[in-house]
Amino acid sequence: MFQLSSEAKQQVLNELKRYESKQSAVLPALYIGQKENQGYISPDVIKALSVLMEIPESQINEVFTFYTMYNKEKVGKHHIQICRTLSCMLVGAQELTEHLCKELNVKLGEVTRDGKFTVTEAECLGSCGTAPMMQVTSLDSDKYYENLTPESAMNIVRAMK
Amino acid sequence: METKYLTEFYHLPEFKNLDGYRKNGGYIQLTKALLMQPQAIIDEVKASGLRGRGGAGFSTGMKWGFLPKNNEPRYLLCNADEGEPGTFKDRMMMEKAPHQLIEGMIISAFAIGSKKSYIYVRGEYEESITTLLTAIQEAYKAGLLGKNILGSGFDHDMDVYRGAGAYICGEETGMISSLEGLKGQPKLKPPFPAVQGFLKKPTIVNNVETLAAVKYILRDGAQGYRKYGTEKSAGTKLFSLSGNVNKPGNYEVPLAYPLKDMINILGGGIKNGKKLKAVIPGGSSAPVMTAEEVERATLDYECLAQMGTMLGSGAIIVIDDSKCMVECLANLTHFYRHESCGQCTPCREGTGWLEKIVHSILSGNGRMEDIDLLIKVADNMKGKTICALSDAAALPVLSFVTKFRDEFEYFVQHGKSKVKGTAYKTPNYIADKGHAHA
């Protein structure tokens, strides 16, 4: 069963004290839980947070399911999110997604066999002037890669360990 | 040419740090403001004609004036949940000039008598968040935040709150719900946040660019600020230019700048020798304009409203003549369905139907009556919900279908795009997957 590390527990406790209302700590706590559980949130994570924060599981769960940055399923070590909204689409986002999926031999949302990558599409990421783009979320970093071509994106992905 | 008013020092990497910011005039206005009567600051902002830069364009001074006249604790909340498709100006402002925002916020907080403020940043903007947190720490160390700021007796604390991926949190009451650690669902107004906001306390929610502008109003006075723009659309504004132009990017110009110059001069014209077909002038929720309309348009609240569209967040999305408008609209209908919070029936159901109908036309299964059905559904979504997302989903549909009806009719009749001559390529996403949030 999943357990929060003592460091993560301390982080959650700090968040509980940080805002005027305890409930405000739910969003930050979910990020901490997600990081502890290899990038996604399972029912065990909710349970652990609920016990620690003394907030009902149902309340944490409804927040978790509302927001798209909390992953509902396991993702690869590097989560590649390609912006698909209009500005990016106009300059080749769809081709970018297709190329990455083909080269990595996965469908959208799947994890590569080696567990390293997941490709998904995201709604407007605010990088419209430097489109097309992708955001790669790894365990300890979250980075935008902009002005991509299918090839340059694939080169970036290949260089990831 | 650009008018670099707010963005004057953005080319200096040092402008990001406290020292560099101070070297270029930073925090001088704060020192000045703390010696003023708070009401005098509010009056100056009101007189400047500054209007909310996030999208609604409401008078900032008037919004502040809605606060109750008592000593009840109140909050200042900076809306940095930049999510309107096509918009990327706030991100640049936070990453290049975090102290400009912080100074504007401390001055604004002093004016409205707030001891605590939050900057709600969309979760994806990791770099903005890190930059702001570093800058806030610098400000605390220098006595610009915390107790007794610069010996004035005014106390103010500031923090950053990270969103988690929901367009609806850019709506001010949705943002307040989210900051309270709940689902980001908007609340019925009235009561407006200025009366009952975060934790039921009076709360002022202002966009990044709006708050950053406050310092310049103090520096140059309301009249000095009005040197740019028009009577009703005063000052400069940052525009995010994207799509099929040679030089996409953020450009600061006085309001009422000609739209065609934005595209042809600042944006370097249409890419790859193509011709202009359409422009969305104020973020994806603004009704689309034809190339002919673009010729006559100026970038101010009044002109665009008269032309049946809006200035919105200042996100200009340029579409060239090789693009299929049915496909472009399909892209947007998917966005709105994905982002509907699911609270109100017309929006939850309506965004779903709009997406289904447009994708049915795209897949070659459209019927002629579907075109009018789109208009009917969109009409039934306007002005019927708690927040404006439903309208924002309806407006692009109504304008695309009305102004480019021939492309929709052709698609229905021939099962392929009038422009591309090809049948639709299935998108990567699943069109009928439903709402992400509901």
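Some thoughts on the domain arrangement of chain B
Residues and elements named next belong to chain B.
Point 1. What the domain assignment lists for chain B is domain 1 (13–225), domain 2 (239–320) and domain 3 (325–414).
Point 2. One C-alpha centre belongs to domain 2, the other to domain 3, and the line joining them spans 22 Å.
Point 3. The partner domain 3 presents 12 residues to the 11 residues of domain 2 that form the contact.
Point 4. Roughly 980 Å² of surface becomes buried between domain 2 and domain 3 when both sides are summed, with 68% attributable to carbon and sulfur atoms.
Point 5. Counting across the domain 2 and domain 3 interface gives 2 salt bridges.
Point 6. Note that Glu293 is salt-bridged to Lys403, the shortest N-O span being 3.1 Å.
Point 7. Taken together, domain 2 and domain 3 are joined by 6 residue pairs in polar contact (both at pLDDT 80 or more).
Point 8. Broken down by secondary-structure element, the contributors of at least two residues to the side of domain 2 that touches domain 3 are β8 (276–280) and β9 (289–290).
Point 9. Looking at the side of domain 2 that touches domain 3 residue by residue, the class counts come to 6 nonpolar, 3 polar and 2 charged.

Thoughts on the packing of aromatic side chains
Point 1. Inspection of the entire model under this criterion finds 21 aromatic pairs over all chains.
Point 2. Between Phe335 of chain B and Tyr336 of chain B, the ring centres sit 5.0 Å apart and the planes meet at 85 degrees, which makes this aromatic pair edge-to-face.
Point 3. Here Tyr336 of chain B falls in the buried class, since its relative accessible area comes to 1%.
Point 4. Put simply, the rings of Tyr19 of chain A together with Tyr75, Tyr118, Tyr120, Tyr161 and Phe198 of chain B pair up and form one aromatic cluster.
Point 5. The ring of Phe64 of chain A is capped by Lys72 of chain A, whose NZ or CZ atom sits 5.1 Å from the centre of that ring.
Point 6. Directly above the aromatic system of Tyr125 of chain B lies the positively charged group of Arg122 of chain B, at a separation of 5.3 Å from the ring centroid.

Quick look at the packing of helix α6 (residues 98–112) of chain B against helix α9 (residues 208–225) of chain B
All names here are of chain B.
Point 1. For the pair α6 and α9, interaxial distance at closest approach is 7 Å and the crossing angle is 75 degrees. Comparing their axes, α9 and α6 come out roughly perpendicular. Contact with α6, carried on its side by Gln100, Leu101, Glu103, Gly104, Met105, Ile107 and Ser108, involves Val208, Leu211, Ala212, Val214, Lys215, Tyr216 and Leu218 of α9 and no other residues of that element.
Point 2. Considering only residue class, the contact of α6 with α9 consists of 9 nonpolar, 3 polar and 2 charged.

Here's the deal with the domain arrangement of chain A
Interfaces are often sized by the accessible area lost when the parts come together.
Point 1. For chain A, the assigned domains are domain 1 (6–66) and domain 2 (78–158).
Point 2. Computed from C-alpha atoms alone, the centre-to-centre distance between domain 1 of chain A and domain 2 of chain A is 28 Å.

Observations regarding the layout of surface pockets
Residue and element names in this part refer to chain B.
Point 1. Empty space within the second largest pocket amounts to approximately 1,200 Å³.
Point 2. Along the wall of the second largest pocket there are 45 residues; nearest its centre are Gly54, Gly55, Ala56, Gly170 and Glu171.
Point 3. Ranked by the residues each element gives to the lining of the second largest pocket, the list is headed by strand β4 (residues 203–207), at 5 residues.
Point 4. Tallied by class, the residues present in the lining of the second largest pocket amount to 17 nonpolar, 17 polar and 11 charged.

Cut-offs used in this document
- For every chain, the first residue of the written sequence is number 1, and numbering continues from 1 along that sequence.
- Each chain takes a letter, starting from A, and each ligand takes a number, starting from 1, following the order in which they are written.
- Given that the model is predicted, a residue must reach a pLDDT of at least 70 before its local features are reported, and side-chain atom pairs must reach 80 or more before they are shown or counted; all residues, however, enter totals for whole chains, interfaces and linings.
- Derived side-chain values reflect all non-hydrogen atoms in the structure, with water molecules and hydrogen atoms excluded from consideration.
- Segmentation of the chain into domains, including their bounds, is taken from an automatic or database domain assignment.
- The contact criterion used is simple: two residues touch if any of their non-hydrogen atoms lie within 4.5 Å.
- Buried area is understood as the total, over both parts, of accessible area removed when two parts are fitted together, assessed with a 1.4 Å probe.
- What counts as a salt bridge is simple: a side-chain nitrogen of Lys or Arg found within 4 Å of a carboxyl oxygen of Asp or Glu.
- In protein, a polar contact means a hydrogen-donor-capable atom and an acceptor-capable atom, both N or O and within 3.5 Å, with residues adjacent in sequence counting only if both atoms are side-chain atoms; elsewhere, any N or O pair within 3.5 Å suffices.
- Note on conventions: DSSP H or I runs of at least 4 residues are helices, E runs of at least 2 residues are strands, and numbering of each starts at the N terminus.
- Under the convention adopted here, Pro, Cys and the residues Ala, Val, Leu, Ile, Met, Phe, Trp and Tyr are nonpolar, Asp, Glu, Lys and Arg are charged, and Gly plus all remaining residues are polar.
- Here a Phe, Tyr or Trp ring, Trp counted by its six-membered ring, pairs with any other such ring whose centre lies within 6.5 Å, and the pair is stacked when the planes are under 30 degrees apart, edge-to-face when over 60, and tilted otherwise.
- Partly exposed residues are those whose accessible area sits between 20% and 50% of the maximum for their type, while under 20% is buried and over 50% is exposed, using a 1.4 Å probe and protein chains only.
- Comment: the charge-over-ring label is applied if NZ (Lys) or CZ (Arg) is within 6 Å of the ring centre and within 35 degrees of the ring normal.
- Only the contacting stretch of a helix is used when fitting its axis, a line to C-alpha atoms as for every element, and angles between N-to-C directions run 0 to 180 degrees.
- Roughly parallel covers angles under 35 degrees, roughly antiparallel covers those over 145, roughly perpendicular covers 65 to 115, and oblique covers all other angles.
- Cavities and pockets are found on a 1 Å grid laid over the protein atoms alone: a cavity is a set of points where a 1.4 Å probe fits but cannot escape, a pocket is an open set with protein on both sides within 12 Å along at least five of seven lines, and a lining residue has an atom within 4 Å of such a point.
- Grid points are joined across faces, edges and corners, and a volume is the space filled by probe spheres set on the points.

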